[in-house]
Each structure stands twice: as C-alpha cells, then as structure tokens.
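Coordinate inspection notes
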Amino acid sequence: RHLPLKKQLNILIFTTVIPLTIIGLYLLYALLDYSRAYQSIVSNISTANQYSQAFKPEMDEDIYRIVVSGKTFEEITGDQDLEDPYAVLDGCRKTFTTLQSATRDEQSLRWLQVLVRNIDTLRERVDDIRESCETGDNYDENIAMLNSDVYILTALIQEDIQTYIYYQVKYINLMRVAMEKRV
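Residues numbered from 1 in each chain as written. Predicted model: local features only at pLDDT ≥ 70, side-chain atom pairs only at ≥ 80, totals over all residues. Heavy atoms only, no water.

**As for the side chain of Thr103**
For Thr103, the location among the structural elements is in the loop between α3 (85-102) and α4 (106-135). Side-chain polar atoms of Thr103 contact the backbone oxygen of Leu99, separated by 2.6 Å. Engagement of the side chain of Thr103 in a polar contact is seen with the side chain of Tyr164, the distance being 3.0 Å. Beyond its immediate chain neighbours, meaning those up to four positions away, Thr103 contacts Asn44, Ser108, Leu109, Leu112, Tyr164 and Gln168. (Helix = DSSP H or I, 4+ residues; strand = E, 2+ residues; numbered from the N terminus. Polar contact = N/O pair within 3.5 Å; in protein donor to acceptor, adjacent residues only side chain to side chain. Contact = heavy atoms within 4.5 Å.)

Structure (structure tokens):
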C-alpha cells in the first residue's frame, strides 16, 4: 500500500532532518564548551604571564635598593622609584590564589600550590630583612639574606610561573586532541 506523498515527506523529514539537527546541536554545544574552556585557559596564561618576566627583576631590585639605601620599609612608601615589596607579594599571592579556583588541570593546580607556598616563604624572608633593617647596622647580614634567600626564591617563583604556563599550554593541546576525537 502506498502512503500519500505528504506522509512520505513527513517520514523522510523525521528520519533525516531531525537526527541531523540533533547532531548539529551536539557539535555546536561541543564547540561552545571547547571555546569556553580555551578562553579560560588563555585568560589564566595571560594573567600568569603578567608576572612571568617582571616579578623577579622588580622584586630583586626593590629589596636590594632597600638594603643598600638603609631606608626602612615605611620610608619607601614615599619613594616613587621603589615599590612596596609587601604590596607586590600581596598582589601576586591574590592573583595566583584566584587562578587556583579557575584552573582545571591537576598538574597546573599543583604548580600553583607550590607557587603560592614560595610566595609565602618569600614574604617571610622579606620579614626577616625588614626586622634586620629596623634593628640597625646589619648591612652584610642583609646582603647575605638577599643573596641566599630573596634571589633564590624569586628565581623559584619565576620558574614556578613558567612551569604553570607550560602545563596550561599542554592542557590546551590535550583539550584540542580530545575535541578532535569528540567531533
């Protein structure tokens, strides 16, 4: 028995167009999901990159200038050439703590945790230098702390930032491969 042409067209639409629409919607959702994740990771990398090259030389220079000038940490607030190390550390810690909540990759997250611990340790070493500067004539001791503590920790922090960026880029690549398999 023959079906009317209208009914045949409806069956054809139901069997072809609807599955194609569902597949199209799935692909659109997958693309949007990938795009959001990609955008988040690029934002994380951009944020971390702000500290990547500038943090170490600026922090090292500020602490060095404080030590050699004999100024107290309170006196540096009026100096336009020096930035308060505590303000820099607080901003850095806040930034990377915020990134911890935005990071989905486990390896990247582990490096952020190490990075925040190193920032906290650097703050303790800056406290030591501050106390030493306030107690008086400890120039040689302060230079030794600068060389053995601050410079090493700022190098570690810079390396941690670079490692975090590396793992975020690696994660983008893993997402790309997963997306290619998904589609």
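Now that the structure has been shown, the text picks up again.
**Some remarks on the pattern of salt bridges**
The tally for this structure, following the rule as stated, stands at eight salt bridges. Arg65 serves as the salt-bridge partner of Glu61, at 3.9 Å between the closest nitrogen and oxygen. Note that Glu61 and Arg65 are positioned in helix α2 (residues 55-69) at a spacing of four residues, about one turn of the helix. Owing to a relative accessible area of 39%, Glu61 belongs among the partly exposed residues under this scheme. Glu134 is paired through a salt bridge with Arg130; the nearest N and O atoms lie 3.2 Å apart. Residue Glu134 and its partner Arg130 are both found in helix α4; the two are separated by four residues, about one turn of the helix. Residues participating in the shared-partner salt-bridge network are Glu124, Arg125 and Asp128. (Salt bridge = Lys/Arg side-chain N within 4 Å of Asp/Glu carboxyl O. Buried < 20%, exposed > 50% of the residue type's maximum accessible area, 1.4 Å probe, protein only.)

**A closer look at a nonpolar patch on the surface**
Taken together, the side chains of Leu20, Ile23, Tyr26 and Leu27 present a nonpolar region at the surface, about 380 Å² in accessible area. Classification of Ile23 by relative accessible area gives partly exposed; the value is 48%. (Patch = residues over 30% accessible without salt bridge, like charges linked within 9 Å, V, L, I, M, F, W, Y side chains within 5 Å. Areas by Shrake-Rupley, 256 points an atom, 1.4 Å probe, with all protein chains shown as cover.)

**A word on the packing of α4 against helix α5 (residues 139-182)**
One can describe the packing of α4 onto α5 by two numbers: an axis separation of 9 Å at closest approach and a directional angle of 165°. Taken together, the axes of α4 and α5 are roughly antiparallel relative to one another. Crossing of α4 against α5: the hand is left-handed. (Axes fitted to C-alpha atoms, helices over the stretch in contact; angles between N-to-C directions. Parallel < 35°, antiparallel > 145°, perpendicular 65-115°, else oblique. Left-handed = near helix turned anticlockwise from the far one by under 90°.)

**Considering the environment of Arg36**
Tracing the chain through its elements places Arg36 in helix α1 (residues 5-52). Under the relative-accessibility criterion, Arg36 is labelled partly exposed at 48%. In this structure, the C-alpha to C-alpha distance between Arg36 and Leu5, residues 31 residues apart in sequence, is 45 Å.

**Details of the nonpolar core**
In this structure, Phe55, Ile63, Phe96, Leu122 and Ile161 are the most contacted members of the largest nonpolar core, which totals 37 residues. Of all the elements in the fold, those that place two or more residues in this core are α1, α2, α3, α4 and α5. Broken down by element, the residue count for this core peaks at eleven residues, all from α5. Here Ile63 is in contact with Pro85, Val126, Ile129, Leu146 and Val150, once residues within four sequence places are set aside. (Core = buried A, V, L, I, M, F, W, Y, C linked by side-chain atoms within 4.5 Å.)

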